[in-house]
Every structure is written in structure tokens, then in C-alpha cells.
Amino acid sequence: MRYRLTFVAGLALGYVLGTRAGRERYEQLKKSGQRIAHNPAVRNTAESAALQGREFAGKAFHTVSEKVGDRVPDSVAGRVRSLRERNGSGGGEDDWGTSNT
């Protein structure tokens, strides 16, 4: 019981001390994070990484499709066909809300 009381007292003390300096430090971290996120070099790098990821995913899909062939269950094949038809020629947005540009 004594250890629980010590733990709760330490938790309360840490909370009080943390909230005094915590909000200010949180705001500093938030501002620096926003500065980094709005940096054009970071945005370009993130976009190129996303584009490469899409390309690799497409290549992996085709490789797996060739190797698996007709062994895919009909329910899965039907779902893939319906997703392809719904997405059309690949334009617009994918299921994750990112653009395919």
C-alpha cells in the first residue's frame, strides 16, 4: 500500500510540474513541427517518396498477379475487378485519400 501511495504522490507531483512547463514546451514543439512540415524541401521529398511507393506497389502487384495467376479465390478476384472498375483508369484519389499525381 505504501508503494501505491508513493507512486500516486509521484504521479501527482510530476503532473503539476509537467503542466507548468509542459504547455509552453508543447507550443514550441508544435511550431517547429509546423515549420518543418511547411518547408518546400520536406514537402517535395515526401511527395517523391509517396510517388515511389505507389510505383513499387504497382510493380509488386503485377509480380504477385503473375505468380498467383488463377489460384486467387473468385471472391477476391471479383473484389479486385470491382475496385479497378470503380477507380477507372487510375485517376483521382485512391482509397487512402491521396492523389495519384
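Parameters at a glance
Sequence order sets the numbering: in each chain, residues are counted from 1 along the sequence as written. It should be noted that, the model being predicted, local features are given only for residues of pLDDT at least 70 and side-chain atom pairs only at 80 or more, the latter also being counted only at that level, while totals for whole chains, interfaces and linings use all residues. Side-chain metrics rest on all non-hydrogen atoms present in the structure, leaving aside hydrogens and water. A pocket, in this scheme, is an open set of points on a 1 Å grid over the protein atoms alone with protein on both sides within 12 Å along at least 5 of 7 lines, while a cavity is a set where a 1.4 Å probe fits but cannot get out; residues line either one if an atom lies within 4 Å of a point. Grid points are joined across faces, edges and corners, and a volume is the space filled by probe spheres set on the points. Only runs of H or I of at least four residues qualify as helices and only runs of E of at least two qualify as strands under DSSP, and these elements are numbered from the N terminus. All residues other than Ala, Val, Leu, Ile, Met, Phe, Trp, Tyr, Cys, Pro, Asp, Glu, Lys and Arg, Gly among them, are scored as polar; the first ten of these are nonpolar and the last four charged. For a helix, the expected span equals 1.5 Å multiplied by the residue count minus one. N or O atoms closer than or at 3.5 Å make up a polar contact, with two conditions inside protein: a donor-capable atom paired with an acceptor-capable one, and, for residues adjacent in sequence, both atoms drawn from side chains. Contact criterion: two residues are considered in contact whenever any of their non-hydrogen atoms come within 4.5 Å of each other. Patch definition: residues above 30% relative accessible area lacking any salt bridge, with like charges linked at up to 9 Å and the nonpolar side chains Val, Leu, Ile, Met, Phe, Trp and Tyr linked at up to 5 Å. Areas reported as accessible are Shrake-Rupley estimates using a 1.4 Å probe. Residue values count occlusion only from the protein chains shown. Counted as salt bridges are all cases of a side-chain nitrogen of Lys or Arg within 4 Å of a carboxyl oxygen of Asp or Glu. Exposure is judged per residue with a 1.4 Å probe applied to protein chains only, and the accessible area is read against the type maximum: over 50% gives exposed, under 20% gives buried, and values in between give partly exposed. What pLDDT conveys is the predictor's confidence in a given residue, as a value from 0 to 100.

**Section: the layout of surface pockets**
Line of reasoning, step 1. There is about 240 Å³ of room inside the second largest pocket.
Line of reasoning, step 2. Forming the boundary of the second largest pocket are eleven residues, of which F61, S65, V72, V80 and R84 lie nearest the centre.
Line of reasoning, step 3. Elements with a contribution of two residues or more to the lining of the second largest pocket: α2 (40-68) and α3 (74-87).
Line of reasoning, step 4. With five residues, the top contributor of residues to the lining of the second largest pocket is α3.
Line of reasoning, step 5. Of the residues that constitute the lining of the second largest pocket, the class distribution is seven nonpolar, two polar and two charged.

**Details of α2**
What sets the pattern is the α-helix's 3.6 residues per turn: residues three or four places apart point alike.
Line of reasoning, step 1. Its 29 residues place the ends of α2 42 Å apart at the C-alpha level, agreeing with the 42 Å of an ideal helix rising 1.5 Å per residue.
Line of reasoning, step 2. One side-chain oxygen at the N-terminal end of α2 lies 3.1 Å from the backbone nitrogen of A41; it belongs to N39.

**Structural notes on the environment of F61**
Line of reasoning, step 1. Mapping F61 onto the fold places it in helix α2.
Line of reasoning, step 2. The residues touching F61, leaving out its near neighbours within four places in the chain, are V80 and R84.

**Details of a nonpolar patch on the surface**
Line of reasoning, step 1. On the surface, F7, V8 and L11 cluster together into a nonpolar patch covering about 330 Å² of accessible area.
Line of reasoning, step 2. Position of L11 relative to the elements: it lies in helix α1 (residues 2-37).
Line of reasoning, step 3. Taking the relative accessible area as the measure of exposure, L11 reaches 53% and is therefore exposed.

**A closer look at the confidence of the model for the protein**
Line of reasoning, step 1. When pLDDT is averaged along the protein, the result is 77; 80% of the residues meet or exceed 70.
Line of reasoning, step 2. Across the protein, the secondary-structure element scoring lowest on mean pLDDT is α3, at 77, and the one scoring highest is α2, at 86.

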